[in-house]
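Structural features, examined
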Amino acid sequence: MRRSMRRGVAAAATGLVTLALAACAQGDSSGGGGGGGSAAATCTNTIQEPDATRVTMWAWYPAVEQMVDTFNSRHDDVQICWTNAGQGADEYGKFSTALEAGTGAPDVIQLESEILPTYTILDGLADLAPYGAGELEEQFPPGAWSDVSNGGSVHAIPVDGGPVGMLYRADIFDEHGVEPPTTWDEFAQAAQDLRDAGYDGYITNYATNGNAFNYALFAQAGWAPFDYDSSRPDEIGIDVDTPEARHVLSYWEDLVDRGLVSTDDASTADYNTSLVDGTYAVYIAAAWGPGYLEGLSDADSGAEWKAAPLPQWDPDDPVQVNQGGSALAVTSQATDEEAAATVAMELFDDEATWKVGVEEAGLFPLWNLALDADWFTDRRYPFFGGQQVNRDVFLDAAAQYPGFTFSPFQVYAYDRQTMALYDMVEGPATAEDALATLQDSLVRYAEQQGFTIR
Amino acid sequence: MTTATTTQTSSRGADRRASRRAGRRAGGQHGPRRIGSHLFLLLAAVYFIVPLWWLVVGSTKTNSGLFVGSGGALWFNDEFALWDNVKELFTYQGGIYWTWMRNSFVYALAGGVGSTVLAVLAGYALAKYRFRGRNLYFSLLLGSVMVPLTALTIPTFVLLSQLGMINTMWAVVLPSLLSPIGVYLVRVYAVDAIPDEMLDAGRVDGAGELRLFSRVALPLLRPAFVTVLLLTTVATWNNFFLPLAVLRDPQLLPVTVGLNQWQGLSNAGAGGEQVWNLITTGALVSILPLIVAFLGLQKYWQGGLSLGSIK
Amino acid sequence: MTSADRPTDRRPAGPGEQRGPSLLDTKRQWWGWLFLAPFTVVFVLFLLVPLAYAFWLSLHTKGIATGGESIFTGFANYARVFTDTDFLSGMARVGKFVLVMVPIQIGLAVTIALVLDTLATRLSRASRLLVFVPYAIPAVIGALMWGFLYSPRFGPATDVFGLVGLDAPDFLSRDLIFGSLVNIVTWQWVGYYMIIVYAALRAIDPTVYEAARLDGAGNWAIALRIKVPMIASSMVMIVVFALIGTLQFFTEPTVLRSVAQGAIPTTYTPNMYAYSMAFSYSQFNYASTIAFALGILVFIGSYLFLYATRKQSGLK
């Protein structure tokens, strides 16, 4: 009896200690904690060299496990321990909370370049320049490099890109006697012509939640919404509501109002199926897009896909744009920054890996050695009936992409854009209203965050 | 939406039930309404079961069969892929699904048993010991039932991260130990179920307080124990907000968050990552244990959940 | 609310108390606290401390452009949240959910329980189980299943409406999403509420009905005039829990959002807003403010309701 009582007291005392700990922690409000990012991580892949330095990595590339295996067999001093922490926003949410918690981030992380400023301002990423990343500049197209670097610092190493082209169902256009468009005027006309000829689908879909996609469409008209430089992190210029953006958005609003373009949400099972079953005649897509469709391509056996360059506003002055793609960054919580930098710089520094990336994962490389290789430029894609889509469309698009400046609160900016665009297609709001709302909400948010608005 | 409760307790329930049964038999219901009533019940049953039926049917389909099957949404396709799907659950991502299931069991069991033990101890103390501050404590407890538990998740997350417990099993288990409603139920039940005379008689015989608790109080509190155990286990099993916030390692996720993550990947559309067949099959498998438990423990929850839900 | 202590307070002094010397009582006080200690630790650590911490966080501001420095800003965040149209419209929306969803849930639960109470057939026993089964299904899985059922491709709506030559409505559109969510929650919780009400009904002494029947009361009259008033306290309690749950609406819209990002923005409910502020935008201070403001409103709401129904619930 007395023993159990003593045990009870001991338990209570332990409780009090924990309590005191919590109280102390509460006083130390600023977060912090630091390091130890790779603690207790479990790897999805098999580690080949158990004694080597282990670098944890989050990535969602299809077929990434093969690429990781290739890297691990090529390196006996560094081994990648990979997990898939979700795609895009899912992964970013986890990374953000890990930064807030001060622990739990991986050493290396796959990020889209659009999200880089969001994390550089939080000091979430290590500068790779000290590890010689600056010397890699020549290996990548200039637009891609400008997206990941700033002055002398390198925030990430480009991996794959998303040059945008127009994928279309040649069989549907043929059947209804309509020519594939090359300009946006022709595109609107084709939309009407297809409908008049009895096609019961939509020429394409305008997804209000197609964040980066809608940015790309705006950017094609010369839209540059953010003026931001990570070396002066407390200043930002926000110019969302511009004549170019109004022009583009009114164009789509008109097609939507006429019922020629659908407004389904992107990234749902329904949408993915509509892409392949003939509901949409055109899929305006980044180069990695078709890779994501192949798993579903049995939905419509009569489908005949072709790729063409993105329609232009001014055919005499064509502008190419990029949607998505990704880069590898080293986080500020990396236990061994140098080993992590090795992974970021060398995982895709290999032709065999890129063959897997291209053939299995459908990625579009941003590595010049792969871009210039015959096996890539001449590759015939079964999905496109053997068309050499890289040579025909995407290589030009990638080479001409000039880069783009994103905001340091891009997740918020995207969420607000989805809300504003949804109001436009579903409610009484016009394109002008949508952009004005977006401009207001972003400026207000930036002010609340302590930015000086330029 | 993880509210869990029953209402007031009465130990009079049992004797009531006996007399009522007799009364009911004597005055049983007649009349034409029975057909209407049965029809109404049938409709209700169909409504509540259709989603489950869809799930059963869906888990027998292949990934593309879910979209373009011969059977439509509510009937089987020609091909029967249930076993293949279950097999794939063992191989996909190294069989991580079963790790999730195990985690869910661990969380539900640890959270359920732990919070029940704490609740029984505390409820017993509040009911049967008079000490300074008791009334204040009980008022505080009642008030806390109304604090939105989800609203606690954000500060809990920040606190746990400062204690370095984020992304560990503790981050889910420890906060799950909190069940004010459980304490409330046990306390209300214990007031009537444990006669003070019995405790005092024990004390006169020289029994210690611990012995009184384990030998006298605990057996009498069994119905409350089972009820609270059921409620807290279900609450932990269903918990979504907390693990979503505090866990990042896929190996630690409970099955709810894991399946939601698969859904995110499948929606994102990566060709090889579309695993709708595994999501439906995984969902079906994951709800079986709880359904089986509820069917098996019918006696407990039908009497138990009510715990004399009338004052 | 202290009236819950009544049973003990009212209890006539038992023989033990008359005999019990005061010395033993002080010692026993300690035992009371000892039994209470483990729960108290958890209660303090995971309720009081987080609450206090949330409050502390809400009094500070940390902008992403200000180098991560936390500044004391007093009640400025509260001034902001109570003029934040996103928060207010989210509150208005959950208010609307309360007005629509709670009556439907409670009404359905009580109706089913009343019908079950008059029957003792095999069908009634089976349907009692079937109605209850959704409670055993995690809300995430429930919402996931309904997400499939609402989908024009996965779900049966296209086929069902096609039978009568109609186009299926888009359950995930802006106009219908509200009803779609009401349906999910109703499906999930009615069974649980029904069991509580049913148990309360079974505990009523049936001789009461006999008396009424002798006075010529029919089934409906008995149900409405006798049964419902007698289970009022149970009903008040389940309304309170439905109320608290609905004001904190999170899981179902969050899961459904993955297939309806336009119709369910991140600010759809205050809880979702707080969640995205914290976990998508790293705004933990403002997120805590939202959570705390929501907590205050939930507390006031449920307190007012309990106060208004103090007669029915017995919590006088």
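Cut-off values and rules
- Residue indices follow the written sequence of each chain, beginning from 1 at its first position.
- Working convention: letters from A go to chains and numbers from 1 go to ligands, in the order in which they are written.
- Confidence filtering applies because this is a predicted model: local features only for residues at pLDDT of at least 70, side-chain atom pairs given and counted only at 80 or more, and all residues used for totals across whole chains, interfaces and linings.
- The side-chain numbers reported here are obtained from all heavy atoms of the structure, hydrogens and water having been left aside.
- UniProt positions are given in the numbering used here, feature names are shortened, and annotations may be inferred rather than shown by experiment.
- Here a helix means four or more residues in a row that DSSP labels H or I, a strand means two or more in a row labelled E, and each is numbered from the N terminus.
- Only protein chains enter the calculation, and the probe is 1.4 Å; a residue is then buried if its accessible area is under 20% of its type maximum, exposed if over 50%, and partly exposed in between.
- Between two residues, a contact is recorded if the distance between any of their heavy atoms is within 4.5 Å.
- Axes here mean lines fitted to C-alpha atoms, for a helix over just the part in contact, with angles spanning 0 to 180 degrees between N-to-C directions.
- In these notes the angle categories are as follows: under 35 degrees is roughly parallel, over 145 is roughly antiparallel, 65 to 115 is roughly perpendicular, and the rest is oblique.
- By convention, the crossing between two helices is left-handed when the near helix turns anticlockwise from the far helix through less than a right angle, and right-handed when the turn is clockwise.
- Nonpolar residues are Ala, Val, Leu, Ile, Met, Phe, Trp, Tyr, Cys and Pro. Charged residues are Asp, Glu, Lys and Arg, and all others, Gly as well, are polar.
- Think of a polar contact as two N or O atoms within 3.5 Å of one another; within protein, one of them needs to be a possible hydrogen donor and the other a possible acceptor, and neighboring residues in sequence only count if both atoms come from side chains.
- Aromatic pairing here means that ring centres of Phe, Tyr or Trp (its six-membered ring) are within 6.5 Å. Orientation follows from the plane angle: under 30 degrees is stacked, over 60 is edge-to-face, and everything else is tilted.
- Strand pairing follows a simple DSSP-based rule, namely that at least 2 bridges must link the two strands.
- A clockwise path from the first strand over the helix to the second, with the strands pointing away from the viewer, defines a right-handed crossover.
- Cysteine sulfur atoms that come within 2.5 Å of each other are treated as a disulfide pair.
- Once two parts are brought into contact, the accessible area they lose, counted with a 1.4 Å probe and summed over both, makes up the buried area.
- When a carboxyl oxygen of Asp or Glu is within 4 Å of a side-chain nitrogen of Lys or Arg, the pair counts as a salt bridge.
- Nine residue types can take part in a nonpolar core, namely buried Ala, Val, Leu, Ile, Met, Phe, Trp, Tyr and Cys, and a core is a set of them joined through side-chain atoms within 4.5 Å.
- Residue ranges for the domains originate in an automatic or database domain assignment.

- In the nomenclature of an unreviewed UniProt entry, chain C is known as ABC transporter permease of Isoptericola cucumis.
- Here chain C is described in UniProt, under the heading Sequence similarities (unreviewed entry), as follows: "Belongs to the binding-protein-dependent transport system permease family."

- As annotated in an unreviewed UniProt entry, chain B carries the name ABC transporter permease and comes from Isoptericola cucumis.
- A UniProt comment under Subcellular location (unreviewed entry) is attached to chain B, and it reads "Cell membrane".

Describing the overall build of chain B
- Scanning chain B from terminus to terminus reveals 16 helices and zero strands.
- In chain B, buried positions account for 62% of the 311 residues.
- Taking contacts inside chain B between residues at least 6 apart in sequence as the whole, the part at least 24 apart equals 76%.

Re the packing of helix 9 (residues 180–193) of chain B against helix 12 (residues 222–238) of chain B
Residue and element names in this part refer to chain B.
- Closest axis-to-axis distance for the helix 9/helix 12 pair is 10 Å, and the angle between their directions is 165°. Overall, the two elements helix 9 and helix 12 adopt an arrangement that is roughly antiparallel. Between helix 9 and helix 12 the crossing geometry is right-handed. Packed against helix 9, whose contacting residues are Gly182, Leu185, Val186 and Tyr189, the element helix 12 presents Pro223, Ala224, Val228 and Leu231 at the interface.
- Per-class residue counts for the contact of helix 9 with helix 12 are seven nonpolar, one polar and no charged.

Digging into the UniProt feature "transmembrane region" (unreviewed entry) in chain C
Residues and elements named next belong to chain C.
- Residues annotated by UniProt as "transmembrane region" (unreviewed entry) correspond here to residues 30–56, 97–117, 129–149, 176–201, 230–250 and 286–308.
- Annotation note: span residues 230–250, helix share 81%, strand share 0%, distance between end C-alpha atoms 33 Å.
- Strand forms 0% of residues 286–308 and helix 100%; the C-alpha atoms that close the span are 33 Å apart.

What to know about the interface of chain B and chain C
- Contacts between the two partners involve 122 residues from chain B and, on the opposite side, 124 residues from chain C.
- Joining chain B to chain C, the criterion identifies six residue pairs in polar contact (both at pLDDT 80 or more).
- It is helix 2 (residues 33–58) of chain B that provides the largest number of residues to the side of chain B that touches chain C, a total of 16 residues.
- Its residues placed into classes, the side of chain B that touches chain C shows 75 nonpolar, 32 polar and 15 charged.

Looking at helix 12 (residues 337–346) of chain A
- A large share of helix 12 of chain A lies buried, amounting to seven of its ten residues.
- Listing the buried residues of helix 12 of chain A in full gives A:Ala339, A:Ala340, A:Ala341, A:Thr342, A:Val343, A:Ala344 and A:Met345.

Details of unusual backbone geometry
Residues and elements named next belong to chain B.
- Phi at Gln93 is positive, roughly 50°, even though this residue is not glycine.
- Along the chain, Gln93 turns up in the loop between helix 4 (82–91) and helix 5 (96–128).
- Positive phi, close to 65°, is recorded for Asn167, a residue that is not glycine.
- Relative to the helices and strands, Asn167 is located in the loop between helix 7 (149–162) and helix 8 (170–176).

Observations concerning the UniProt feature "transmembrane region" (unreviewed entry) in chain B
Residue and element names in this part refer to chain B.
- In the UniProt entry, the feature "transmembrane region" (unreviewed entry) is given for residues 39–57, 105–126, 138–163, 169–190, 220–240 and 275–297.
- Secondary structure across residues 39–57 divides into 100% helix and 0% strand, with the first and last C-alpha atoms of the span separated by 25 Å.
- Helix makes up 100% of residues 105–126 and strand 0%, whereas the separation of the span's terminal C-alpha atoms amounts to 31 Å.

Concerning the packing of aromatic side chains
- For the structure on display, the rule yields 86 aromatic pairs over all chains.
- Look at A:Tyr61 and A:Phe348: their rings are 5.4 Å apart centre to centre, the planes differ by 70°, and that puts the pair in the edge-to-face class. Placement of the pair is A:Tyr61 in the loop between strand 1 (53–58) and helix 2 (64–74) and A:Phe348 in the loop between helix 12 and helix 13 (351–359), with a sequence separation of 287 residues. Side by side, A:Tyr61 and A:Phe348 carry an identical accessibility label, which is buried.
- When the centroid spacing of 5.6 Å and the interplanar angle of 10° are considered together, the rings of B:Phe157 and C:Phe284 count as stacked. Here B:Phe157 is found in helix 7, whereas its partner C:Phe284 is found in helix 15 (residues 284–308) on a different chain.

Regarding the pairing of strand 2 (residues 78–83) of chain A
Residue and element names in this part refer to chain A.
- Summarising burial for strand 2: six of the six residues are buried, a large majority.
- The two faces of strand 2 match: Val78, Ile80 and Trp82 on one face and Gln79, Cys81 and Thr83 on the other face are all buried.
- Pairing of strand 1 with strand 2 involves six bridges; the strand directions are parallel. Looking across to strand 2, one finds that Thr56 is bridged to Cys81.
- With helix 2 bridging strand 1 and its parallel neighbour strand 2, the resulting β-α-β unit is right-handed.

Some remarks on the state of the cysteines
All names here are of chain A.
- With the rule as written, the count across this model stands at one disulfide over all chains.
- Two residues share a disulfide in this structure: Cys43 and Cys81, whose sulfurs sit 2.2 Å from each other. Its S-S torsion of approximately -105° makes the covalent link between Cys43 and Cys81 left-handed. Taken together, the residues Cys43 in the loop between helix 1 (2–27) and strand 1 and Cys81 in strand 2 connect sequence positions 38 residues apart.
- With relative accessibility at 2%, the residue Cys81 sits in the buried group.

Let's talk about the sheet that holds strand 8 (residues 226–227) of chain A
Residue and element names in this part refer to chain A.
- Reading across the sheet, the three strands line up as 8-9-14 and stay open at both edges, with mixed pairing between neighbours. Sheet topology places strand 8 and strand 14 (452–453) at the edges, where each strand pairs with a single neighbour.
- In the sheet, strand 8 pairs with strand 9 (residues 235–238) via two bridges, with the strands oriented antiparallel. In the strand pairing of strand 9, Phe226 is matched with Ile238.
- Contacts from helix 18 (residues 431–448) reach strand 8, strand 9 and strand 14 within the one sheet, and its direction differs from that of strand 9 by about 170°.

Focus: the interface of chain A and chain C
- Facing 44 residues of chain A, the contacting portion of chain C comprises 38 residues.
- With both chains or domains summed, chain A and chain C bury close to 3500 Å², and 58% of this area falls on carbon and sulfur atoms.
- In this structure, the connection of chain A to chain C is made through three salt bridges.
- Salt-bridge contacts for A:Arg416 lead to C:Asp86; the nearest nitrogen and oxygen are separated by 2.9 Å.

Quick look at the pairing of strand 3 (residues 108–111) of chain A
Residue and element names in this part refer to chain A.
- The two faces of strand 3 match: Val108 and Gln110 on one face and Ile109 and Leu111 on the other face are all buried.
- Note: strand 1 against strand 3, two bridges, orientation parallel. Of the residues in strand 3, the one forming a bridge with Trp58 is Ile109.
- Relative to strand 13 (residues 322–330), strand 3 runs antiparallel, the two sharing four bridges. Paired with Ile109 across the strands is Ala329, a residue of strand 13.

Concerning the environment of A:Tyr199
Residue and element names in this part refer to chain A.
- If you trace the backbone, Tyr199 turns up in the loop between helix 7 (184–196) and strand 7 (204–205).
- In this structure Tyr199 comes out as buried when scored by relative accessible area, which is 6%.
- For Tyr199, the residues in contact, after removing those within four places along its chain, are Ile172, His176, Leu194, Gly278, Thr279, Tyr280 and Ala281.
- Of note is the side chain of Tyr199, whose polar atom sits 3.5 Å from the backbone oxygen of Tyr202.
- Within the structure, Tyr199 has its side chain in polar contact with the backbone oxygen of Gly278 (distance 2.9 Å).

Topic: the nonpolar core
- Counting residues in hydrophobic clusters, the biggest one holds 360 residues, and the most contacted among them are A:Met57, A:Phe187, A:Trp252, A:Phe409, B:Tyr124, B:Val246 and B:Trp262.
- Among the elements that make up this core, the one with the highest residue count is helix 9 (residues 177–202) of chain C (18 residues).
- Composition of this core by domain shows at least three residues from each of domain 1 (34–80) and domain 2 (96–304) of chain B.
- Once you skip the residues sitting within four places of it in the chain, A:Phe409 turns out to touch A:Thr118, A:Ile236, A:Ile238, A:Leu442, A:Tyr445, A:Ala446, A:Phe451 and C:Ile64.

Considering the pattern of salt bridges
Residues and elements named next belong to chain A.
- Applying the stated criterion across every chain, the model contains 16 salt bridges over all chains.
- The salt bridge involving Arg232 is made with Glu235; its shortest N-O contact spans 2.8 Å.
- On the basis of relative accessible area, Glu235 is assigned to the buried category, the value being 18%.
- Residue Asp378 is joined to Arg391 by a salt bridge in which the shortest nitrogen-to-oxygen separation is 2.2 Å. Here Arg391 lies in helix 16 (residues 389–400) and Asp378 lies in the loop between helix 15 (374–377) and helix 16, a separation of 13 residues in the sequence.
- Judged by its relative accessible area of 44%, Arg391 is partly exposed.

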